[in-house]
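If you want the building blocks of each chain, they are given just below.
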Amino acid sequence: MSSHTYRIVELVGTSPDSSDDAIARAIASAETRYGAVDWFEVVQHRGHVVDGRVAHHQVTLKIGARLPED
């Protein structure tokens, strides 16, 4: 395994559909802004409840974006 250096960013992905979709949205945004994403860690999962049902997911992630090699 090669040695790499990472930028760690914390993002909140949101979705009315699922926590997986919220995670995917956050990762897609990170790839656009920061480049290659190699890993993520779920820090927190929150939701909005309406009429006793989950209406929206909010997932806070720490994302490891690999920095370009020198």
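What you see is a predicted model; the values in this text were computed from it and never measured. (Residues numbered from 1 in each chain as written. Predicted model: local features only at pLDDT ≥ 70, side-chain atom pairs only at ≥ 80, totals over all residues. Heavy atoms only, no water.)

Here's the deal with the sheet that holds strand S3 (residues 53–66)
Sheets are built from strands paired through backbone hydrogen bonds, the pairs being either parallel or antiparallel.
Link 1 in the chain: The strand order across the open sheet formed by three strands is S1-S3-S2, and the pairing between neighbours is antiparallel. Either end of the sheet is taken by a strand with one partner, and the two such strands are strand S1 (6–15) and strand S2 (37–50). Within the sheet, the average angular offset between the axes of one strand and its neighbour, ignoring direction, is 15 degrees.
Link 2 in the chain: One ladder, built from 12 bridges, connects S2 with S3; its direction is antiparallel. By the bridge assignment, arginine 46 is partnered in S3 with glutamine 58.
Link 3 in the chain: Across the face of the sheet, helix H1 (residues 19–34) comes into contact with S1, S2 and S3 while running at roughly 35 degrees to S3. (Pairing = 2+ DSSP bridges. Helix = DSSP H or I, 4+ residues; strand = E, 2+ residues; numbered from the N terminus. Axes fitted to C-alpha atoms, helices over the stretch in contact; angles between N-to-C directions. Contact = heavy atoms within 4.5 Å.)

Structural notes on unusual backbone geometry
Note: most peptide bonds trans; most residues except glycine with negative phi.
Link 1 in the chain: Positioned with a positive phi, aspartate 51 is a non-glycine residue whose angle comes to about 50 degrees.
Link 2 in the chain: Summarising the element assignment, aspartate 51 is placed in the loop between S2 and S3.
Link 3 in the chain: Under the relative-accessibility criterion, aspartate 51 is labelled exposed at 78%. (Buried < 20%, exposed > 50% of the residue type's maximum accessible area, 1.4 Å probe, protein only.)

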